[in-house]
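One letter stands for each residue in the lines below.
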Amino acid sequence: MSDVDSEDLFERAGAALRGPSPGDERARAALVEAIRAESRRPRTAHRGAMSPWWIAVAAAAVAFAAGLGTGRAMDRRSPSPATSVASDSSQRHVEFVFVAPAARNVALVGDFNGWDATATPMRRSDGHATWSVSVPLAAGRHVYAFVVDGNDWVADPQAPLSPEQWFGQRNSVVVVGDRRS
Amino acid sequence: MTDDALVARAVDGDVDAYAALAERYYGSCARMARRMLRNDADAEDVVQETFLRAFRAIRRFERGREFRVWLFTILVNQCRTAATSRKRRQLRFSNDETALASAADERPVAVIEETSAVAAAVDSLEPLLREAFVLKYVEGLEYTEMATITGAGISALKMRVKRACDALRPKLEAIYHE
């Protein structure tokens, strides 16, 4: 079979899968209703409820990434203390730190924000190549990674890696203890 | 109304505009999630969560970006999270669900059978290859858009699509040339 015929084969398969599914109309209506319900929910401010912070743990990692954003590969990484944990009675603030001097933007993604690269942007500190963000996390195990320039997913090289692979990639793990621990 | 116009209204707090975007893109998101999770109930949950997360974040949407690509980026990540967490819980009765869904399908039997066979062939691919094939051939995205959505490089995505096509070719030939 020629490449042209093969292309037709795959296009035909794609078209077959584009058809509607029997439950779509019901699910679409339920979704619109859920969006309207969400729009009526009152918004609450997280930050006021979290203070005072309680510094509890300092552990984890920093990656030194050179060349990010310029099309070159990351060529060197070196560790230094970075991620710290603070808490109130129900949650702890975990500060994630990542060093990427050439990055234009860095975001934190994890199971706590739905792996949404737009949800938790990190801030660059003045005069340094360090990016950081503080996130309130419930006690327990959390999996996370950094997204550099919206494209490169990078595990924290100094933190433990998750045993499970997601599409061939392993992410980092932070364990947040409760206040009594 | 264009996506850009609806997004601009949604950013300004117009719920109807966001609902219109949700209606517009529900189908493509549901298709993607069904193929990635291979379970209709899980896919429906993931798609709803994706749209609600996007709704909560819409005020941070960067004007000039393409809404569909932004939405699919969230969706793909939600699918990855769901696929991982699902391994830790008991499998659903997927065969029964498929049978129930087919019973409510009003399309001709031959069309249902052909679509089911194609879906089964695509579902047999490794997750990375399946993701790339569906984005390319089912959703018709460009490689640059796929790169933004998946976080993978364009050359890697082209290789995944090629491997997916190599694996699918004999199965699709058997389906269409029987």
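Cut-offs used in this document
- Residues numbered from 1 in each chain as written.
- Chains lettered and ligands numbered in written order.
- Predicted model: local features only at pLDDT ≥ 70, side-chain atom pairs only at ≥ 80, totals over all residues.
- Contact = placed C-beta atoms within 7 Å.
- Helix = DSSP H or I, 4+ residues; strand = E, 2+ residues; numbered from the N terminus.
- Buried ≥ 20, exposed ≤ 12 C-beta atoms within 10 Å, placed from the backbone.
- Pairing = 2+ DSSP bridges.
- pLDDT = per-residue confidence, 0-100.
- Expected span 1.5 Å × (residues − 1).
- Arc of directions from axis to C-beta.
- Axes fitted to C-alpha atoms, helices over the stretch in contact; angles between N-to-C directions.
- Parallel < 35°, antiparallel > 145°, perpendicular 65-115°, else oblique.
- Left-handed = near helix turned anticlockwise from the far one by under 90°.
- Nonpolar A, V, L, I, M, F, W, Y, C, P; charged D, E, K, R; others polar.

### So, the interface of chain A and chain B
Next up, step 1: Between chain A and chain B, the residue contacts involve 39 residues of the former and 45 residues of the latter.
Next up, step 2: At the level of elements, helix H1 (3-17) and helix H2 (24-40) of chain A are the ones that each hand at least two residues to the side of chain A that touches chain B.
Next up, step 3: If one sorts the elements of the side of chain A that touches chain B by residue count, H2(A) sits on top with 10 residues.

### A look at the pairing of strand S4 (residues 106-110) of chain A
All names here are of chain A.
Next up, step 1: The element S4 is extensively covered by neighbouring structure, given that 5 of its 5 residues are classed as buried.
Next up, step 2: The alternating pattern of S4 places Val106, Leu108 and Gly110 on one face and Ala107 and Val109 on the opposite face, and all of these are buried.
Next up, step 3: For S4 and strand S7 (residues 140-148), the ladder comprises 5 bridges, and the chain directions are antiparallel. Residue pairing for S7: Val109 is matched across the bridge by Ala145.

### Let's talk about the confidence of the model for chain B
Detailed reading of the predicted coordinates is not advisable wherever pLDDT is low.
Residue and element names in this part refer to chain B.
Next up, step 1: A residue-level look at chain B finds 86% of positions with pLDDT of 70 or above and a mean pLDDT of 84.
Next up, step 2: Mean pLDDT values over the elements of chain B span from 43, in helix H5 (residues 94-103), up to 94, in helix H7 (residues 127-138).
Next up, step 3: Note that pLDDT drops below 50 for residues 88-100; the model gives that stretch 6 contacts with residues more than four away or on any other chain.
Next up, step 4: Overall fold confidence for the complex sits at a pTM of 0.57, while the interface term, ipTM, reaches 0.79.

### Observations regarding helix H6 (residues 109-123) of chain B
All names here are of chain B.
Next up, step 1: Helix length check: H6 (15 residues) gives 21 Å between terminal C-alpha atoms against 21 Å at 1.5 Å per residue, within 8%.
Next up, step 2: Those residues of H6 that fall on the buried side of the exposure criterion are Thr115, Val118 and Val122. The arc that holds every buried residue of H6, seen down its axis, measures 65 degrees, which confines them to one face. Exposed residues lying more than 90 degrees from the buried face of H6 are Val109 and Ala110.

### Examining the packing of helix H2 (residues 15-37) of chain B against helix H3 (residues 40-57) of chain B
All names here are of chain B.
Next up, step 1: Direction vectors running N to C along H2 and H3 enclose 140 degrees, while the axes themselves pass 8 Å from each other. Regarding the angle of H2 to H3, the classification is oblique. Two packed elements cross with a definite hand, and for H2 against H3 that hand is right-handed. On the side of H2, the interface is formed by Tyr18, Ala22, Tyr26, Cys29, Ala30, Ala33, Arg34 and Leu37, while H3 contributes Asp40, Asp42, Ala43, Val46, Val47, Thr50, Phe51 and Phe55.
Next up, step 2: The residue inventory of the contact of H2 with H3, partitioned by class, reads 12 nonpolar, 1 polar and 3 charged.

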